[in-house]
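Examination of the molecular architecture
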Amino acid sequence: PILKRFLNSFLRRILFTINKDKFIYTYKKSKFFLNIRDSIDREFFMNGYYENEQIKILSNKIREYSINFFIDIGSNIGIYSILMANQFSNLEIHAFEPHKDAFSRLRNNINLNKLSNKVKIYQYALSNKAGTSFLETKNRFKISQSGGAKISSKGDTKIRNEVGDSLLNIKNENIAIKIDTEGHELFVLHGIINLLSNNKIFLQIEIFPENVHNVTNFLNSLGFKLVTKNQFTHQKNILDYFFEKNLS
């Protein structure tokens, strides 16, 4: 790991020096426009993969349960949405990303892969009420980082909040949902309570430690059962949880 970090750092410096920080990267027959000044794009490019374990679990469940809708909440540049769209021809996808630069790359990536008819994109944060809030981000390598961007009452950028249930009127379907919203997950869930109640659901959700009790209690009250959980990424104490409701 130490050698790999050194080599990645060395490669990053070379690419920045020669102004090769933006380019198209092909992964699993999908194309992605990357800006490696952003930590998510850089991790994807340097490692040669992104959240493999989670994506494998999700794609297996979409296949197993003949799921026909995928809701990607905290889509970033669209890695999940694009891989799922290219893997499953009958999947309707809705992708949400409030970070301005990440959303711009998400839109470019959807167009690059000719998926605009399959993936609907929204430059909103999903929450428990509509309105405006802010996105707290770190500025590094001269750009606003999308990785770790948090919804807040104050921050760098004003963003629009929407209630998921006001945008997604889906009933009696098999749905997969991925939520990665850096601590805002309970607010997202409260805003999609009708979606969660009226469909059969497979849910992948990143839960911050301070939210685990309230999030799991809320999901249990709606009939969700925990399938598995694990620390799939480098973030200590932040786990991805997988729940099912009425699928098995």
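Within every chain, residues take consecutive numbers counted from 1 along the sequence as written. In view of the model being predicted, local features appear only for residues whose pLDDT reaches at least 70, and side-chain atom pairs are presented and counted only at 80 or more, with totals across whole chains, interfaces and linings using the full set of residues. Only hydrogens and water are set aside when side-chain values are computed; all heavy atoms of the structure are taken into account.

**So, the pairing of strand β2 (residues 30-35)**
Selection rule: Two strands pair under a simple rule: DSSP has to find at least two bridges between them. Here a helix means four or more residues in a row that DSSP labels H or I, a strand means two or more in a row labelled E, and each is numbered from the N terminus.
Pairing geometry for strand β1 (residues 22-27) and β2, over 6 bridges, is antiparallel. Its bridge partner being in β2, Y25 is matched across the sheet by F32. Between β1 and β2, which pair antiparallel in sequence order, lie 2 residues; one of them, K28, sits at a positive phi of approximately 50°.

**Some details on the pairing of strand β11 (residues 157-163)**
Where strand β6 (residues 125-127) and β11 come together, 3 bridges link them in parallel fashion. Within the sheet, the bridge partner assigned to S127 lies in β11 and is V163. Across 5 bridges, the pairing between strand β7 (residues 131-136) and β11 is antiparallel. Its bridge partner being in β11, G131 is matched across the sheet by N161.

**Structural notes on the sheet that holds strand β4 (residues 92-96)**
Where strands meet in a sheet, backbone hydrogen bonds hold them as pairs that are either parallel or antiparallel. In plain terms, the rule: Here the axes come from fitting lines to C-alpha atoms, over the contacting stretch only for helices, and the angles between their N-to-C directions go from 0 to 180 degrees. We call two residues in contact whenever any of their non-hydrogen atoms come within 4.5 Å of each other.
Ordered in space as β5-β4-β3-β12-β13-β15-β14, the 7 strands form an open sheet in which the pairing is mixed. Of all the strands in the sheet, the pair left with one neighbour each is β5 (119-122) and β14 (225-230). Taking the axes of each pair of neighbouring strands and ignoring which way they run, one obtains an average angle of 15° across the sheet. Two elements, strand β3 (residues 69-73) and strand β12 (residues 174-179), share 5 bridges in a ladder whose sense is parallel. Among the inter-strand pairings, F69 is bridged to a residue of β12, identified as I175. Lying on the sheet, helix α3 (residues 52-64) is in contact with β3, β12, β13 (200-207) and β15 (239-245); it crosses β13 at an angle near 170°.

Everything listed is a geometric property; what it means functionally is a separate question.
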